[in-house]
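# Survey of secondary and tertiary structure
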Amino acid sequence: MKVCLSGAQSCGKTTLLDRLKPLYPKGRFIKEVVRSLNKPVNNEASIETQLFIYLKHCQNLMEPGELVFYDRGLIDSVVYARVLSSKHPNFIETALAGNDLLKVFKNSYDLYFYLPPNIPLIGDGFRSMDSSYRQEVSDVFLDVFKEHQIPYVSLEGTIEERLSTIALILEKYNKDVHNKEK
């Protein structure tokens, strides 16, 4: 099962992923792609960087394991490219390419969890600290989920409440899959 944690910057994805590790010790946990790039991202990303990020997300989908958690997925890159293309026309083709990739790979993830921007924006020296940019990204997430007809679970509340929701959804998903196999 491939589980994607998605959302704008500073919504708790990485914190949640770290808290999931002891709960699912046999799971695999894939870190956020862009942090290892050492290249400008967000509003400063280049076309080459964006294309590399798409490629890396597609490559990450090949990770083996019965349970794989992703700190961001292909949908995240598509969303950020779309936001960039609204400000920089030279990104339009790149955004369209990501959109085409998402059409092909959206069902490669079994579950999508979306984290809305309802916690304080905290700087880490990497992410954008512009709250209006974060809200714009969040709005585009909802548009992309809808356009691509991707079902998702919105995670609200405290970390413990979010963890509980994930556990319940994973349990239900596993039961549903088990029942289908019978």
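Calculation criteria
Residues numbered from 1 in each chain as written. Predicted model: local features only at pLDDT ≥ 70, side-chain atom pairs only at ≥ 80, totals over all residues. Heavy atoms only, no water. Core = buried A, V, L, I, M, F, W, Y, C linked by side-chain atoms within 4.5 Å. Buried < 20%, exposed > 50% of the residue type's maximum accessible area, 1.4 Å probe, protein only. Helix = DSSP H or I, 4+ residues; strand = E, 2+ residues; numbered from the N terminus. Contact = heavy atoms within 4.5 Å. Phe/Tyr/Trp six-rings, centres within 6.5 Å; stacked < 30°, edge-to-face > 60°. Polar contact = N/O pair within 3.5 Å; in protein donor to acceptor, adjacent residues only side chain to side chain. Pairing = 2+ DSSP bridges. Salt bridge = Lys/Arg side-chain N within 4 Å of Asp/Glu carboxyl O.

Right, let's get into the nonpolar core. The nonpolar side chains of soluble globular proteins are, as a tendency, buried together. Counting 45 residues, the largest nonpolar core has Phe69 and Ile75 as the members making the most contacts within it. In terms of residue count, helix α3 (residues 74–87) provides more of this core than any other element does, seven residues in total. Setting aside its immediate chain neighbours within four residues, Phe69 contacts Val3, Leu17, Leu20, Tyr24, Arg28, Phe29, Ile30 and Leu170.

What follows covers the packing of aromatic side chains. The description of an aromatic ring pair uses the distance of the two centres, along with the angle that the planes make with each other. The full count for this structure, using the stated rule, is 11 aromatic pairs. Considering the side-chain rings of Tyr24 and Phe69, the 5.5 Å spacing of their centres and the 50° angle between planes classify their relative orientation as tilted. With a gap of 45 residues between them, Tyr24 in the loop between α1 (13–20) and β2 (28–30) and Phe69 in strand β3 (residues 68–71) connect regions that are remote in the sequence. Of the two residues examined, Tyr24 and Phe69, each falls in the buried class.

To continue, consider the side chain of Arg134. With respect to the helices and strands, the residue Arg134 is situated in helix α5 (residues 131–147). At 2.6 Å, the side chain of Arg134 forms a polar contact with the backbone oxygen of Ser10.

In this section: the pairing of β3. Side chains on a regular strand alternate between the two faces of the sheet. On β3, burial covers both faces: Val68 and Tyr70 on one face and Phe69 and Asp71 on the other are all buried. Relative to β3, strand β1 (residues 2–6) is paired through four bridges, and the arrangement is parallel. Residue pairing across strands places Cys4 opposite Tyr70, the latter belonging to β3. Sheet topology note: the β2/β3 ladder contains three bridges and is parallel. Within the sheet, the bridge partner assigned to Phe29 lies in β3 and is Phe69.

Turning our attention to the sheet that holds β1. Taken in spatial order, the five strands line up as β2-β3-β1-β4-β5 in an open sheet, and their pairing is parallel. Each edge of the open sheet carries a strand with a single partner, namely β2 and β5 (153–154). With two bridges connecting them, strand β4 (residues 111–114) and β5 associate as parallel partners. Looking at the pairing, Phe113 lines up with Val153 of β5.

We now examine unusual backbone geometry. Although it is not a glycine, Arg72 adopts a positive phi angle of roughly 85°. With respect to the secondary-structure elements, Arg72 resides in the loop between β3 and α3.

Glancing now at the pairing of β4. Side chains Leu111 and Phe113 project from β4 onto one buried face, and the interleaved Tyr112 and Tyr114 project onto a second face that is buried too. Sheet analysis places β1 next to β4, joined by four bridges and oriented parallel. Note on β4: the bridge partner recorded for Ser6 is Tyr114.

In total, this model carries nine salt bridges according to the counting rule given. Glu63 serves as the salt-bridge partner of Arg28, at 2.1 Å between the closest nitrogen and oxygen. Taken together, the residues span a long stretch of sequence, with Arg28 in strand β2 and Glu63 in the loop between α2 (47–60) and β3 at a distance of 35 residues. Residue classification places Arg28 among the partly exposed residues on the basis of a relative accessible area of 35%. Residue Glu63 is classed as partly exposed on the basis of its relative accessible area of 22%. With a closest N to O distance of 2.8 Å, Asp76 and Arg72 form a salt bridge. Here Asp76 falls in the buried class, since its relative accessible area comes to 1%. The network of salt bridges with shared partners includes Glu32, Arg72 and Asp76.

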